[in-house]
Amino acid sequence: MTLVESPPSRPALQTEYRFVLPRGYVDDGGRVHAEGVMRLATARDEIYPQSDAKVRENPSYLTVILLTRTITKLGTLPEVDQWVVEALFASDLAFLQDLYRRTNENGHTRINVTCPECDAKFEVETNSPGA
């Protein structure tokens, strides 16, 4: 009888991250949409915008396209399109850019912090729990 070791189990891959915008998107009816979900980007998400005329004309528009492709939910909006992302407050756009960068480059939303009182170092989860 031959014993075969099973490979070590890996934790489940988190592909969606819940977030709450600092200010929130205000729709035409005056409703604020702040809670949302962003998924991990795929290679296609990163490649597709390179052929977009707006991105070729203005490379900073890449952020708008990437966010419209990866934000799967924002409040009760039926979809998140370029008009929604363009209408976000600057602080919300910066928040989402940072979330996109941390989740897609680092694979998580944890940051290292240092307690200002005792100088202890630890990690803090920066997105809302339960994604």
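The following refers to the structure shown. Note that the structure is a prediction, hence the values are computed from the model and not measured.

1. Topic: the overall build of the chain
Within the chain one finds five helices and five strands. Seen in sequence order, the chain has helices and strands lined up from the N terminus as β-β-α-α-α-β-α-α-β-β. Per-residue burial for the chain yields a buried fraction of 30% across its 131 residues. Contacts in the chain between residues far apart in sequence, at least 24 positions, make up 52% of those at least 6 positions apart. For the chain, the exposed area adds up to about 9,100 Å²; of that, 53% sits on carbon and sulfur atoms.

2. Digging into helix α5 (residues 90-106)
The terminal C-alpha atoms of α5 lie 23 Å apart, and with 17 residues this matches the ideal 24 Å at 1.5 Å per residue to within 8%. Every buried residue of α5 is listed here: Asp 92, Leu 96, Leu 99, Tyr 100, Arg 102 and Thr 103.

3. Some points on the packing of helix α3 (residues 62-70) against α5
The interhelical angle for the contact between α3 and α5, taken along N-to-C directions, is 70 degrees, at an axis separation of 11 Å. Taken together, the axis directions place α3 and α5 in an arrangement best described as roughly perpendicular. Listed contacts from α5 to Thr 63, Leu 66, Leu 67 and Thr 70 of α3 are Leu 93, Leu 96, Gln 97 and Tyr 100.

4. Remarks on the nonpolar core
Counting 21 residues, the largest nonpolar core has Phe 19, Leu 21, Met 38, Leu 67, Ile 71, Leu 74 and Leu 96 as the members making the most contacts within it. When residues of this core are traced back to their parent elements, those giving at least two are β1 (16-26), β2 (32-39), α3, β3 (71-74), α4 (82-86) and α5. Looking at this core element by element, the count peaks at four residues for α3.

What counts, and at which threshold
- Residues numbered from 1 in each chain as written.
- Predicted model: local features only at pLDDT ≥ 70, side-chain atom pairs only at ≥ 80, totals over all residues.
- Heavy atoms only, no water.
- Helix = DSSP H or I, 4+ residues; strand = E, 2+ residues; numbered from the N terminus.
- Buried < 20%, exposed > 50% of the residue type's maximum accessible area, 1.4 Å probe, protein only.
- Contact = heavy atoms within 4.5 Å.
- Areas by Shrake-Rupley, 256 points an atom, 1.4 Å probe, with all protein chains shown as cover.
- Expected span 1.5 Å × (residues − 1).
- Axes fitted to C-alpha atoms, helices over the stretch in contact; angles between N-to-C directions.
- Parallel < 35°, antiparallel > 145°, perpendicular 65-115°, else oblique.
- Core = buried A, V, L, I, M, F, W, Y, C linked by side-chain atoms within 4.5 Å.

By themselves, these figures tell us nothing about what the structure is for.
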